[in-house]
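The residues making up each chain are set out below.
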Amino acid sequence: MSSFFDLFDPTASSSSDGGGHSPGGKTNNNNNGDDDDDDMFLSYDEIMQKNNGNSSSAKQQPIPTTTLNHHRHQQYLQQYSPTIDFDLDILPPEPQLGNIEYKLKLINPSKQRFEHLVTQMKWRLREGNGEAIYEIGVSDSGQLHGLSEADMNCSLTCLNQMARKLDASTSVLRRKMLAAGRSVVEVLVRKIPDDQHNIEVRVAVLGSADAGKSTLLGVLTQGEYDNGRGRARLNMFRHMHEIQTGRTSCISHETLGFDQQGNVINYKYNEMMTAEEISDLSTKLVTFMDLAGHRRYLKTTVQALSGYAPHHALIVVGAGSQISNMTKEHLAIAGALDLSFCVVVTKVDLVPPDDVLYELKTLLTAVGYRKVPYLISNEDDVLNANAHQSQEQIVPIFCVSNVTGDGLDLLTKYLYVLSPGISNSEKERLEQEPTEFQIDEIFKVAEVGLVVGGLLCKGVITENVQLRIGPMADGTFHPVTVQSIHRNKAACRVVRAGQSASLSFYTESSLPPLRTGMVILPDYEEDENAYGSYFFQARVSVLFHATHINKGFQATIHIGSIRQTAVIEGIMGITGGIGTNQTASVLFRFVRHPEYVRPGMRILFREGATKGIGKVTQVFPLNAKMD
């Protein structure tokens with residue numbers, strides 16, 4: 001999608017023939033014979049063996065950090081990006097969709113041409129949910145021609161004028177020097193939507209107990225390094241038993257704000273900034289969900305991943321220890337939910353990360369993941385990995401220390417450029433649909449009353465709007481009126497699709513007992529009332545089960561914020577049950593109470609080591625008769 005600037009050999013610019021080389025061609029221009037060309041078809045292990053002298057023991061030894069250098073990244077990613085010629089200054093052809101735009105130059109455009117360029121930028125910003133990447137000095141075919149210093153300055157000035165026309169800002173991410181004093185520049189253009197204060201990205205923080213998740217968030221959001229005895233994590237905890245044991249047991253929310261230049265807002269002006277001040281001053285806001293790492297609280301962790309629908313996940317692993325079964329469980333769940341993630345190796349000041357890096361490489365490249373581990377060693381690696389994470393299945397790996405601060409600047413830069421992954425056009429489409437708010441938390445606030453927190457999946461909610469909440473025990477929905485809305489611990493007047501928020505209601509009539517997993521829907525007309533369901537049908541795939549799943553099997557079902565035990569009442573078209581890697585249409589029945597389920601919802605079920613995923617295909621509301 002984006003640029004691979006510094007994955008190219010710095011000396012390659014002089015060898016560019018500029019002759020319209022096709023990036024997808026098989027032409028071999030290597031100076032080293034056919035050996036490097038053959039590397040495109042080798043596995044990563046074979047490449048590592050070859051780079052280490054074809055030693056027979058290379059595969060058995062941990063990969064030293066020093067060998068996972070920039071040159072390794074070139075060879076490693078070459079087999080996954082065969083359309084990129086690493087001996088020519090060339091990028092993949094400009095994508096027709098998405099937020100990446102190539103421009104050879106922007107010098108004194110006519111008025112009509114300027115308006116066309118502004119319209120084009122507006123479309124790219126919509127595709128990137130308010131963020132676009134411009135590659136200046138690059139032709140549409142991906143050839144890096146570069147511009148002289150005078151032409152580049154003129155092009156950047158024109159780009160700034162285009163951005164100002166849309167009330168957007170620009171910031172140079174990096175510059176690549178070519179031959180004869182020419183250069184190519186990558187620019188981030190950012191426009192905050194008119195109805196928002198900032199661009200928000202939700203990030204779930206996962207990992208086993210004692211990996212350092214809460215400490216990492218404390219250091220990132222507070223700007224002070226840990227003392228090695230857990231001081232940084234104290235502000236992350238919400239309960240006394242968490243402070244006493246040092247283990248998170250519930251979902252904790254923290255925010256990290258950035259200004260237009262990528263500086264962290266949290267501690268820029270003073271050390272005691274409130275969440276409301278951080279939100280108001282930030283153009284980019286990263287909302288962290290600190291999730292529990294102990295197996296005892298796995299159900300809470302899975303519910304948060306399913307219900308809050310984070311855009312990204314940080315998998316935290318402690319150096320000096322093997323990757324635990326709990327971390328592998330988190331990786332499997334992230335994979336089942338098709339959630340992009342990166343890995344953060346902490347405590348590198350105590351133990352060299354070589355062993356855990358090798359174990360991560362083995363795990364991520366295994367069958368079932370097929371990911372590309374990418375060790376981040378500099379700022380260019382950050383931008384390369386972020387640009388290609390979705391298409392190339394890249395998993396960035398950061399090595400950090402919360403005590404010395406090593407690697408934290410690279411992780412912060414990565415969070416600054418991290419995209420929500422949903423286009424503005426898709427977001428606007430969701431806003432046009434009927435309201436659907438999934439409830440994840442319920443709590444009472446003094447002088448306010450009952451407050452519900454969760455994610456607005458579709459539609460728009462404003463103050464004083466009349467809605468319905470449910471389903472109740474009989475499947476019906478209760479009318480409510482929204483009194484106030486809070487986002488990121490600050491009051492607001494409106495919440496839109498894809499945003500998390502907390503809602504309070506007018507207490508004109510007493511509310512029935514509420515529970516997590518309920519939803520808030522529009523106040524339909526009487527003949528269109530929504531009802532809860534006990535029975536629903538889904539097309540499921542079993543990721544793992546020791547034997548076979550048959551009728552009567554019980555499992556914990558996760559559908560959005562719903563978490564309830566369900567029984568399999570029937571398996572269609574298959575006799576003898578379904579086993580690992582098999583797919584079938586299954587009829588489920590909720591055990592305790594009805595839930596609001598609609599076709600198309602994603603389902604995740606688990607029972608011990610058993611895991612399965614699927615989509616709801618049909619529901620049977622309580623107000624409808626089953627055939």
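Cut-offs and rules
Residues numbered from 1 in each chain as written. Predicted model: local features only at pLDDT ≥ 70, side-chain atom pairs only at ≥ 80, totals over all residues. Heavy atoms only, no water. Phe/Tyr/Trp six-rings, centres within 6.5 Å; stacked < 30°, edge-to-face > 60°. Helix = DSSP H or I, 4+ residues; strand = E, 2+ residues; numbered from the N terminus. Buried < 20%, exposed > 50% of the residue type's maximum accessible area, 1.4 Å probe, protein only. pLDDT = per-residue confidence, 0-100. Contact = heavy atoms within 4.5 Å. Pairing = 2+ DSSP bridges. Axes fitted to C-alpha atoms, helices over the stretch in contact; angles between N-to-C directions. 1 Å grid on protein atoms, 1.4 Å probe; cavity = no way out; pocket = protein on both sides within 12 Å on 5 of 7 lines; lining within 4 Å. Points joined across faces, edges and corners; volume = space filled by probe spheres on them. Nonpolar A, V, L, I, M, F, W, Y, C, P; charged D, E, K, R; others polar. Domains from an automatic or database assignment. Polar contact = N/O pair within 3.5 Å; in protein donor to acceptor, adjacent residues only side chain to side chain. Parallel < 35°, antiparallel > 145°, perpendicular 65-115°, else oblique. Left-handed = near helix turned anticlockwise from the far one by under 90°. Core = buried A, V, L, I, M, F, W, Y, C linked by side-chain atoms within 4.5 Å. Patch = residues over 30% accessible without salt bridge, like charges linked within 9 Å, V, L, I, M, F, W, Y side chains within 5 Å. Areas by Shrake-Rupley, 256 points an atom, 1.4 Å probe, with all protein chains shown as cover. Salt bridge = Lys/Arg side-chain N within 4 Å of Asp/Glu carboxyl O.

Caption draft 1: Just the packing of aromatic side chains, in detail. Under the defined criterion, the tally for this structure stands at 6 aromatic pairs. Pairing F536 with F590 gives two aromatic rings, centres 5.2 Å apart and planes at 35°, and the pair type is tilted. Remark: F590 occurs in strand β24 (residues 583–590) and F536 occurs in strand β21 (residues 533–544); sequence separation between them is 54 residues. Taking the relative accessible area as the measure of exposure, F536 reaches 0% and is therefore buried. Here F588 and F605 contribute two aromatic rings whose centre-to-centre distance is 6.1 Å and whose plane-to-plane angle is 50°, an arrangement assigned as tilted. Placement of the pair is F588 in strand β24 and F605 in strand β25 (residues 602–607), with a sequence separation of 17 residues. For F588, a relative accessible area of 2% puts it in the buried group. By relative accessible area, F605 is classed as buried at 2%. Counting every residue linked through ring pairs, the aromatic cluster contains F536, F588, F590 and F605.

Caption draft 2: Quick look at the confidence of the model for the chain. Chain-level pLDDT for the chain is 78 on average; 78% of the residues reach the 70-or-more range. Looking at the elements of the chain, mean pLDDT is at its lowest for helix α1 (residues 35–38), recorded as 34, and at its highest for β24, recorded as 96. Scored below 50 in pLDDT, residues 1–87 shows 168 contacts in the model against residues more than four places distant or in partner chains.

Caption draft 3: Focus on helix α6 (residues 213–222). The buried fraction of α6 is high, at 9 of 10 residues. Taken together, the buried positions of α6 are occupied by K213, S214, T215, L216, L217, G218, V219, L220 and T221. Contacts made by the buried residues of α6 are with β5 (199–206), β6 (252–258), β7 (284–290), β8 (312–318), β9 (341–346) and α13 (408–417).

Caption draft 4: Inspection of the environment of F341 at higher detail. Within the fold, F341 resides in strand β9. Taking relative accessible area as the criterion, F341 reaches 3% and is therefore assigned buried. Sequence separation between F341 and V203 is 138 residues; the distance between their C-alpha atoms is 9.1 Å. When near neighbours in sequence (up to four residues on either side) are disregarded, F341 contacts H312, A313, I315, L331, A334, L364, K371, Q389, V395 and P396.

Caption draft 5: View of the pairing of strand β26 (residues 610–621). Both β21 and β26 contribute to a ladder of 10 bridges, which runs antiparallel. In the strand pairing of β26, S533 is matched with P621. Bridge count for β25 against β26 is 6 bridges, and the pairing is antiparallel. If you follow R602 over to β26, its bridge partner there is K615. Between β25 and β26, which pair antiparallel one after the other, the connecting turn spans 2 residues, and G608 there sits at a positive phi close to 65°.

Caption draft 6: Quick peek at the sheet that holds β26. Strands sit in the order β21-β24-β23-β22-β25-β26 around a closed barrel of 6 strands; the barrel is antiparallel. Neighbour-to-neighbour, the strand axes of the sheet open up by a mean angle of 45°, direction not taken into account. Alignment of strand β22 (residues 554–559) against β25, held across 3 bridges, turns out to be antiparallel. In the sheet register, H558 faces β25, and the bridge partner there is L604. Sheet strands touched by helix α9 (residues 298–307): β22, β23 (562–572) and β25. Its angle to β22, the strand with the most contacts, is close to 35°.

Caption draft 7: Up close: empty space enclosed by the protein. Counted according to the given criterion, the structure contains 2 cavities of 30 Å³ or more. Each pocket or cavity is described by its volume, and for the second largest cavity that value is around 30 Å³. The wall of the second largest cavity is formed by V302, E329, I333, L604, F605, R606 and K611. Of the residues belonging to the lining of the second largest cavity, the class tally is 4 nonpolar, no polar and 3 charged. Of the domains in this structure, domain 2 (199–421) and domain 4 (535–620) are the two that each give at least three residues to the lining of the second largest cavity.

Caption draft 8: Structural detail: the side chain of Q499. Mapped onto the elements of the fold, Q499 is located in the loop between β18 (494–496) and β19 (500–505). At a separation of 2.9 Å, a polar atom in the side chain of Q499 contacts the main-chain amide nitrogen of R496.

Caption draft 9: Region of the structure containing the packing of α9 against helix α10 (residues 325–336). Between α9 and α10, the shortest axis-to-axis distance is 11 Å and the interhelical angle comes to 25°. One way to sum up the angle between α9 and α10 is to call them roughly parallel. Remark: the crossing between α9 and α10 carries right-handed chirality. For the pair α9 and α10, contact is made by L298, T301, V302 and L305 and by M326, E329, H330 and I333, respectively.

Caption draft 10: Main features of the nonpolar core. Within the largest apolar cluster, 44 residues are counted, with the highest numbers of intra-cluster contacts made by L216, F288, F398 and L415. The leading source of residues in this core is α13, at 7 residues. When residues of this core are sorted by domain, at least three fall in each of domain 1 (88–191) and domain 2 (199–421). Ignoring sequence-local partners within four residues, the contact set of F288 consists of V203, V205, L217, L220, T221, S252, H253, E254, L256, L314 and L415. Ranked by size, the runner-up nonpolar core spans 35 residues in total, among them A304, M326, V348 and I397.

Caption draft 11: Broad picture of a nonpolar patch on the surface. Among the surface-exposed residues, F443, V445 and V448 lie close enough to one another that they form a single nonpolar patch of about 200 Å² accessible area. Within the secondary structure, F443 is located in strand β12 (residues 436–445). Judged by its relative accessible area of 33%, F443 falls in the partly exposed class.

Caption draft 12: Geometry of the packing of α6 against α13. Where α6 meets α13, the axes come as close as 11 Å, and the angle between the chain directions of the two elements is 75°. Here α13 runs roughly perpendicular to α6, going by the angle between their axes. Taking contact as the criterion, the partners of L216, V219 and L220 in α6 are, on α13, L408, L411, T412 and L415. Per-class residue counts for the contact of α6 with α13 are 6 nonpolar, 1 polar and no charged.

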